[in-house]
Amino acid sequence: MATLKTNVILQGDCVASLNALPARSVDLVFADPPYNLQLGGELLRPNNSRVDGVDEEWDRFGDQSNPSDSFATYDRFTRDWLSAARRVLKDEGSLWVIGSYHNIYRVGAILQDLGFWILNDVVWTKTNPMPNFRGTRFTNAHETLLWCVKAPNARYTFNYEAMKNLNDGLQMRSDWMLPLCTGSERLKSDGKKTHPTQKPEALLYRILLATTNPGDVILDPFFGTGTTGAVAKKLGRRWIGLERDETYISAARARINAVREVIDLSVLTTPNKRNEPRIPFGTVLERGYLGPGDLLWGGERRRWTAKIRADGTLISADHKGSIHQVGAAVQGAPACNGWTFWHFEQNGEFHTIDLLRQKIRAELH
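Residues numbered from 1 in each chain as written. Predicted model: local features only at pLDDT ≥ 70, side-chain atom pairs only at ≥ 80, totals over all residues. Heavy atoms only, no water.

Overview of the packing of helix H5 (residues 201–211) against helix H6 (residues 227–234)
For clarity, the cut-off: Angles shown run from 0 to 180 degrees and are taken between the N-to-C directions of axes, each axis being a line fitted to C-alpha atoms and, for helices, limited to the stretch in contact. Strands here are runs of E lasting at least two residues and helices are runs of H or I lasting at least four, both read from the DSSP assignment and numbered beginning at the N terminus. When an angle is under 35 degrees it counts as roughly parallel; over 145 it counts as roughly antiparallel; between 65 and 115 it counts as roughly perpendicular; any other value is oblique. With the far helix as reference, a near helix turned anticlockwise by less than a right angle produces a left-handed crossing, and one turned clockwise produces a right-handed crossing. Contact definition: two residues touch when any of their heavy atoms are within 4.5 Å. Residue polarity is assigned by list, with Asp, Glu, Lys and Arg as charged and Ala, Val, Leu, Ile, Met, Phe, Trp, Tyr, Cys and Pro as nonpolar; anything else, Gly included, falls into the polar class.
It is the contact of H5 with H6, at a shortest axis distance of 9 Å, that shows an interaxial angle of 55 degrees. Classified by the angle their axes make, H5 and H6 are oblique. Our pair here, H5 against H6, has a crossing hand that is right-handed. Contact residues: Glu-201, Leu-204, Tyr-205 and Leu-208 in H5; Thr-227, Thr-228, Ala-230, Val-231, Ala-232 and Lys-234 in H6. Looking at side-chain class alone, the contact of H5 with H6 contains 6 nonpolar, 2 polar and 2 charged residues.

What about the sheet that holds strand S14 (residues 320–321)?
The line we're drawing: When DSSP finds two or more bridges between two strands, those strands count as paired.
Ordered in space as S14-S13-S12-S11-S15-S16, the 6 strands form an open sheet in which the pairing is antiparallel. Every other strand in the sheet has two partners, leaving S14 and strand S16 (349–352) as the edge strands with one partner each. The pairing of strand S11 (residues 295–298) with strand S12 (residues 304–308) spans 4 bridges and is classified as antiparallel. Along S12, the bridge assignment pairs Gly-298 with Trp-304. Packing against the sheet, helix H11 (residues 354–364) makes contact with strand S15 (342–346) and S16, and its axis sits at approximately 65 degrees to S16.

Some thoughts on unusual backbone geometry
Here Asn-7, not a glycine, exhibits a phi torsion of approximately 60 degrees, which is positive. Tracing the backbone shows Asn-7 in the segment before strand S1 (8–11). Backbone geometry places Arg-302, a non-glycine residue, at a positive phi of 50 degrees. Position of Arg-302 relative to the elements: it lies in the loop between S11 and S12.

Comments concerning the packing of aromatic side chains
This is how it is decided: Centre distance within 6.5 Å is the pairing criterion for rings of Phe, Tyr and Trp, where only the six-membered ring of Trp is used; planes under 30 degrees apart are then read as stacked, over 60 as edge-to-face, and the remainder as tilted. Each residue is assigned to one of three classes by its accessible area relative to the maximum for its type, calculated with a 1.4 Å probe on protein chains only: buried under 20%, partly exposed between the two thresholds, exposed over 50%. In this analysis the charged atom, NZ for Lys or CZ for Arg, is taken to sit over a ring once it is within 6 Å of the ring centre and within 35 degrees of the ring normal.
Taken as a whole, this structure holds 13 aromatic pairs when the rule is applied. Note on Trp-297 and Phe-350: the rings are 5.2 Å apart at their centroids and 80 degrees apart in plane angle, and the pair reads as edge-to-face. Here Trp-297, found in strand S11, pairs with Phe-350, found in strand S16; they are 53 residues apart in sequence, far enough to count as distant. Taking relative accessible area as the criterion, Phe-350 reaches 29% and is therefore assigned partly exposed. By way of ring pairs, the aromatic residues Trp-96, Trp-147, Tyr-156, Phe-158, Tyr-160 and Trp-176 are connected into one cluster. For the cation-ring pair, Lys-126 lies above Trp-124, with the distance from its terminal atom to the ring centre recorded as 5.2 Å.

What to know about the pattern of salt bridges
We count it as follows: For this document, the term salt bridge refers to a Lys or Arg side-chain nitrogen within 4 Å of an Asp or Glu carboxyl oxygen.
In this structure the tally under the stated criterion is 12 salt bridges. For Asp-75, the salt bridge identified is with Arg-106, shortest N-O distance 2.8 Å. In this pair, Asp-75 is assigned in helix H2 (residues 67–88) and Arg-106 in helix H3 (residues 104–113), connecting sequence segments 31 residues apart. Taking relative accessible area as the criterion, Arg-106 reaches 29% and is therefore assigned partly exposed. A salt bridge links Glu-201 to Lys-234; its shortest N-O distance comes to 2.6 Å. With Glu-201 in helix H5 and Lys-234 in helix H6, the pair connects residues that are 33 residues apart, well separated along the chain. Judged by relative accessible area, which is 16%, Glu-201 ranks as buried. A network of salt bridges, in which partner residues are shared, links Arg-24, Asp-91 and Lys-150.

Everything listed here is a matter of geometry and, on its own, says nothing about what the molecule does.
Structure below.
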């Protein structure tokens, strides 16, 4: 059995390189394949200056003058690399693929033909898209990502709490507003873009934080200038890049070598609330953060009040019981999370009592 080497760039054809890797050896595949844009002629700005678009040989498939042949050639290529990627992906692993309207529907159909199960399509809305210089259609302001697993019942990683924290406490949606790769992040050679479709690190940061864990192996079969490797290193993940072009490989190596590794691995994970130690409300009283007879205010508008008893229960005008029971009763609701419903006053400001629970958990850690 072949040994899996990580944190390396393997030069060569992506399908051949994938087939040389051990089966079920990687935790996530992120793929940014050629889009097969089939561009006809140069694209010019209104001032007749040339747009620096994608005209590299690696984005050309089949007979470019014959769309049917080009599509058929591209489909064979897509089926080959996806089949190879499926072989090296662990059964509980994830695959992400990004594309534009030129290719993502063909890729999606082949994914399903090969047995992949699509969990989400994520729309990356570009906050600074390239204008449509010909002015005959809507500006292309987004790309689509497909998040897939190997089977409908596959177990997979999704760091829900991390995504919620990243989004200021709100559940992360499937429409992501992120800018194109510009400024100092954009790699350049002789004043020109090193790679025409370099993806922003923010995009890979979100993907890897959401669907992998520290130490996982991330494989990118179209490595380019190494965005996936750079972000993987920042987040304490291992990586493998597959790339043919020596210029891209050199740029990727220099870029990744400049990334500083995180020493304190504890900062790379978000604790799962289900795995955190249970803290009874009575512990808040035992620690002296609140006391018997103190008042709590319920709801965002603090419409209800209740008094704390020495045993950690509450008593309101008409009800008594736990923080959850009294919270539900005053609202006439079937259930209530008392930790987030009840507030305490401190120095003229109101805070949820969950703040005290988190403080105790931090002390325990």
